[in-house]
Number of protein chains: 2
Amino acid sequence: MATISDVARAAGVSPATVSRVFNGGRVTAERAQRVREAADTLGFSPNRVARSLRTQRASVIGLLIPDIANPFFTALARGVEDAAQRTNLSVVLCNTDEDVDKERRYLDVALAEHMAGLVVAAASRRRTDLSAAAQRGMPVVAVDRRPRAAEVDAVMVDNQHGAEDATAHLIERGYRRIACVTGPAGASTSEDRLAGYRAALRDADVPDEWIRAHTRHADFRVEGGYTAMKELLALDVPPDAVFIANNLMTVGALRALREAGVAPPGFGILSFGDVPWASLVHPSLSTVHLPAYDLGEAAATLLQERIAGSAKPLQTVVLRTSLEPRNSTAGPG
Amino acid sequence: MATISDVARAAGVSPATVSRVFNGGRVTAERAQRVREAADTLGFSPNRVARSLRTQRASVIGLLIPDIANPFFTALARGVEDAAQRTNLSVVLCNTDEDVDKERRYLDVALAEHMAGLVVAAASRRRTDLSAAAQRGMPVVAVDRRPRAAEVDAVMVDNQHGAEDATAHLIERGYRRIACVTGPAGASTSEDRLAGYRAALRDADVPDEWIRAHTRHADFRVEGGYTAMKELLALDVPPDAVFIANNLMTVGALRALREAGVAPPGFGILSFGDVPWASLVHPSLSTVHLPAYDLGEAAATLLQERIAGSAKPLQTVVLRTSLEPRNSTAGPG
DNA sequence: ACTCGGCCTGAAATCGATTTCTCACCCGGC
DNA sequence: GCCGGGTGAGAAATCGATTTCAGGCCGAGT
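Residues numbered from 1 in each chain as written. Chains lettered and ligands numbered in written order. Predicted model: local features only at pLDDT ≥ 70, side-chain atom pairs only at ≥ 80, totals over all residues. Heavy atoms only, no water.

1. Brief notes about the environment of Arg-48 of chain B
Stated formally: Think of it this way: any DSSP run of H or I at least four residues long counts as a helix, any run of E at least two long counts as a strand, and we number them from the N terminus. Pairs of residues are marked as contacts when any of their non-hydrogen atoms sit within 4.5 Å.
Along the chain, Arg-48 of chain B falls in helix α4 (residues 48–55). Sequence separation between Arg-48 of chain B and Leu-295 of chain B is 247 residues, and the spatial gap between their C-alpha atoms is 29 Å. Residue contacts for Arg-48 of chain B: discarding those within four places in its chain leaves Val-109, Ala-112 and Glu-113 of chain A together with Ser-59, Asn-88 and Ser-90 of chain B.

This is the structure:
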């Protein structure tokens, strides 16, 4: 591997001159030419480790996500990656598995590695701690989930509004007994979506007591959705529709519904978050589409501004969801 | 951010001693204790950039995969990640998008970043070029797909055997007109799977000419599978079963089949590679299960041996697939 | 008592780039 | 002819760790 000194020697100049050629310093055209030729023949490309050490800034950003198997997060990752690539940043993808300890280990690595910045979809609203990074001046952007205590930029979706819209849509279709399966009590996403669901039902004069009795908290995973749905179906008077707060739980719920022989349009299903290949499974499944790719792109762009030194006040960008209804003519009747 | 000298000063020792405390040199217990206390109070963790520069080896490995949205590769990535974490390596995940240029850019980054090694699922059998890495002594393990010219370790699945088994399974069930949708002509995976399919059919005395007429090459993506399946269904005498060479094309093919009103068990479907939530879609879909996680784990383990300096001759590890039939009593009839 | 090892320790070199500092040179103006 | 300003280039410092080298101390053996 050729070093900058090798190139300097080959071109008959000093290492400083070589560095200037590649970093926009003032060098006479003739010398610059010689340096470039020498670099080409030697196959030189600057050692990024040495550069990082000297300049005190890396060309790597970290992306912490809770579940790499969830298509929502892979789409988000692609958004981050595309935005990062535009300024020659590489992305280290870290899968925290919804595990706060694993997440903290990755945070430590990011700090020791002196990464340029972090995009974090927090594993927990309450227990994720981003203060260490903030303290050491490493820019952080929270995405999708905002850890409670952190003073960081954030890019979110309008969970409450999206959920309210979606639930209202079910009501318009004529469903009357609309249950809800949401995520863990701690998570901001699950609380906001639940709040939206509640708002829509209250607006339709459904009593709070009924709402509480038909709300289930699960874990944002397939199995959790399955179990919660089974519980709801076992009620004395089961619901005629359900609002489900994420895509994986929807998959589980669909299994429970199939086992119970229940299907649209007699039973209304609304998923918050796109279910992969949902059109194959249930053509009549409505979904709230989340702009996962844009979320990642916006977060990475914001992060790059901070890395470049922007001192603007903290921002929170909120992206809107969009409802994608199917089979608009059908209803419960 | 505290440096090693800060710790040294605080503990009243030299930086060398601090380094030895953390890297297993011989230091008296009393001093080591003082150093550890100083490090704790200062929140010291060694700067990995400086360490990499000095030791000439990084604690980061690169993972190049062609499609992060494919569950097969995310499972593989988790295998790599878990294995890497056991020896404190971090994984940089690079999504090449089946694009050889993008892949080459990532390879260059990996070299400039002086990563410890690479696990590569090549974007192309013919055009992916791993020689630059090999030349500079960076260990590389190919996984799932083996680039033609490269002299590297590899971890593969037994594509041909798996495909042959799967096709034989369809024959046993009584299907007689078994078509095939495979991947691009260049890819090793698609060729091997096609070969297995052919072998099984030849074994059942199906003429070569018929086989050729019922084989379609597509692009390993959803749309490709859809188009190819439509073509096959439009034949004068359409097939009564199909062997599909990867999971995403199966999704497309299923859509084509649904549109044509064709379904199991009258029509036999066999997917090479697990289709996510297939049980929801079509309970009677048989799949060849690919050990994606183990593939990644084995590759990362092999890579770590090389990084540690193993000079064993090049290895190729082949993992077996397993057939997961459903609805075993049903057949075409 | 003297020497020879062995074991710790700190000083200093090192990794490969960037960047500051300094100097030499050249040009133009007075 | 001399001086000032501007420009380009090299020498050397620097980033933060690891590692070599050399020396100091202590204990054991003769």
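2. Some thoughts on the protein's contact with DNA strand C
What counts is decided by this rule: Any residue with a heavy atom lying within 4 Å of a molecule or strand is counted as near it. Distance and chemistry together define a polar contact, namely a pair of N or O atoms within 3.5 Å, with one atom able to donate a hydrogen and the other to accept it when in protein, and with adjacent residues in sequence counting only for side-chain atoms on both sides. When residues are sorted by character, Ala, Val, Leu, Ile, Met, Phe, Trp, Tyr, Cys and Pro go into the nonpolar class, Asp, Glu, Lys and Arg into the charged class, and all the rest, Gly among them, into the polar class.
Around DNA strand C sit 25 residues, and of these Ile-4 and Arg-54 of chain A together with Thr-17, Arg-26 and Arg-31 of chain B come closest. Near the protein, meaning within 4 Å, the atoms of DNA strand C are sugar or phosphate in a fraction of 64%, with bases accounting for the rest. Measuring from a base oxygen of DNA strand C, one finds a side-chain N or O atom of Arg-54 of chain A at 2.5 Å. Gln-56 of chain B has a polar side-chain atom sitting 3.0 Å from a sugar or linking oxygen of DNA strand C. Secondary-structure elements contributing two or more residues to the surface near DNA strand C are α2 (15–23) and α4 (48–55) of chain A together with α2 (15–23) and α4 of chain B. For the surface near DNA strand C, the per-class residue count stands at nine nonpolar, nine polar and seven charged.

3. Some details on the protein's contact with DNA strand D
The local shell around DNA strand D holds 25 residues, among which Thr-17, Arg-26 and Arg-31 of chain A together with Ile-4 and Arg-54 of chain B are the closest. Here, DNA strand D places atoms within 4 Å of the protein, and 68% of those atoms are sugar or phosphate. A distance of 2.7 Å is found between a phosphate oxygen of DNA strand D and a side-chain nitrogen or oxygen belonging to Arg-31 of chain A. The separation between a phosphate oxygen of DNA strand D and a polar side-chain atom of Arg-51 of chain B is 3.0 Å. Classifying every residue of the surface near DNA strand D by side-chain character gives nine nonpolar, nine polar and seven charged.

4. A few points about the relation of the copies chain B and chain A
Stated precisely, the cut-off is as follows: Least-squares superposition aligns the copies on the C-alpha atoms of those residues with pLDDT at or above 70 in both.
Rotating chain B by 180° and translating it 0.1 Å along the rotation axis places it on chain A, where the RMSD comes to 0.2 Å. Given the turn and translation reported, the copies of this chain are related as if by a two-fold rotation axis. Within chain B, Val-92 of chain B has its C-alpha nearest the rotation axis, a separation of 2.2 Å. Here 100% of the interface residues in chain B have copies in chain A that are interface residues too; the copies meet face to matching face.

5. Comments concerning the nonpolar core
Short version of the rule: We call a set of buried Ala, Val, Leu, Ile, Met, Phe, Trp, Tyr and Cys residues a nonpolar core when their side-chain atoms join them within 4.5 Å. Only protein chains enter the area calculation, which uses a 1.4 Å probe; residues under 20% of their type maximum are buried, those over 50% are exposed, and those in between are partly exposed.
Core analysis: the largest hydrophobic core is formed by 94 residues, its most contacted members being Leu-63 and Tyr-197 of chain A together with Leu-63 and Tyr-197 of chain B. Those residues within four positions of Leu-63 of chain A in sequence are excluded, and the remaining contacts are Leu-76, Ala-77, Val-80, Val-91, Val-92, Leu-93, Cys-94 and Val-119 of chain A. With 41 residues, the next largest nonpolar core counts Leu-130 and Met-138 of chain A together with Leu-107 and Ala-154 of chain B among its residues.

6. Here we look at the side chain of Arg-48 of chain B
Its relative accessible area of 16% is what places Arg-48 of chain B among the buried residues. At 2.8 Å, the side chain of Arg-48 of chain B and the side chain of Ser-59 of chain B are in polar contact.

7. Some remarks on the domain arrangement of chain A
Put simply, the rule reads: All the domain ranges listed were derived from an automatic or database domain assignment.
When cut into domains, chain A gives domain 1 (4–46), domain 2 (58–157 + 292–320) and domain 3 (159–290). Just the C-alpha atoms count here: the centres of domain 1 of chain A and domain 2 of chain A sit 37 Å apart.

8. Side note on the packing of helix α1 (residues 4–11) of chain A against helix α3 (residues 29–42) of chain A
The axes of two packed helices give the description: the angle between them and the distance between them. Residues and elements named next belong to chain A. The cut-off we apply is this: Here an angle of 0 to 180 degrees is reported between the N-to-C directions of two axes, which are lines fitted to C-alpha atoms, with helices fitted over the stretch in contact. If an angle is under 35 degrees, it is roughly parallel; if it is over 145, roughly antiparallel; if it lies from 65 to 115, roughly perpendicular; otherwise it is oblique. Helix crossings are classified by the rotation of the near helix relative to the far one: an anticlockwise turn of less than a right angle makes the crossing left-handed, while a clockwise turn makes it right-handed.
Two numbers describe how α1 lies on α3: the axes approach to 9 Å, and their chain directions differ by 125°. Here α1 lies oblique to α3, going by the angle between them. The hand of the α1/α3 crossing is right-handed. Taken together, the residues of α3 that come into contact with α1 (itself represented by Asp-6, Val-7, Ala-10 and Ala-11) are Arg-34, Val-35, Ala-38, Ala-39 and Leu-42.

9. Things to note about the pairing of strand β2 (residues 90–95) of chain B
All names here are of chain B. How we decide: Note: two strands are recorded as paired if DSSP finds a minimum of 2 bridges between them. Clockwise travel from the first strand over the helix to the second, with the strands pointing away from the viewer, marks a crossover as right-handed.
Taken across its six residues, β2 has six buried, putting it largely inside the fold. Going residue by residue along β2, you find Ser-90, Val-92 and Cys-94 tucked away on one face and Val-91, Leu-93 and Asn-95 tucked away on the opposite face as well. Sheet topology places strand β1 (residues 60–65) next to β2; six bridges connect them, and they run parallel. Its bridge partner lying in β2, Ile-65 is registered against Asn-95. Note on the crossover from β1 through helix α5 (residues 71–85) to β2: the handedness is right-handed.

10. Let's talk about the interface of chain B and chain A
This is how it is decided: When two parts are put together, the accessible area they lose, computed with a 1.4 Å probe and summed over both, is reported as buried area. Any Lys or Arg side-chain nitrogen located within 4 Å of an Asp or Glu carboxyl oxygen qualifies as a salt bridge.
Contacts between the two partners involve 47 residues from chain B, matched on the other side by 48 residues from chain A. Here chain B packs against chain A, burying approximately 4400 Å² in sum over the two surfaces, 59% of which is carbon and sulfur. On inspection of chain B and its partner chain A, the count reaches eight salt bridges. Remark: the boundary between chain B and chain A carries seven residue pairs in polar contact (both at pLDDT 80 or more). Class assignment of the residues belonging to the side of chain B that touches chain A gives a composition of 24 nonpolar, eleven polar and twelve charged.

11. Let's talk about the UniProt feature "domain: HTH lacI-type" (unreviewed entry) in chain A
Test applied: UniProt positions are given in the numbering used here, feature names are shortened, and annotations may be inferred rather than shown by experiment.
UniProt annotation of "domain: HTH lacI-type" (unreviewed entry) refers to residues 2–55 of chain A when read in the numbering used here. Helix and strand shares over residues 2–55 of chain A are 72% and 0% respectively, and the end C-alpha atoms of the span are 20 Å apart.

12. Topic: helix α12 (residues 247–259) of chain A
Here is the rule we go by: The span expected for a helix works out to 1.5 Å for each residue beyond the first.
The first and last C-alpha atoms of α12 of chain A sit 19 Å apart over 13 residues, in line with the 18 Å expected at 1.5 Å per residue. Looking at where α12 of chain A begins, the residue whose side-chain oxygen comes 3.4 Å from the main-chain nitrogen of Leu-248 of chain A is Asn-246 of chain A.

13. A closer look at unusual backbone geometry
Residues and elements named next belong to chain A. In this structure, Glu-98 takes a positive phi of about 60° despite not being glycine. With respect to the helices and strands, the residue Glu-98 is situated in the loop between β2 (90–95) and α6 (100–112). On the basis of relative accessible area, Glu-98 is assigned to the partly exposed category, the value being 27%. In the Ramachandran plot, His-114 falls in the positive-phi region, its phi being about 50° despite a non-glycine side chain. Within the secondary structure, His-114 sits in the loop between α6 and β3 (117–120).

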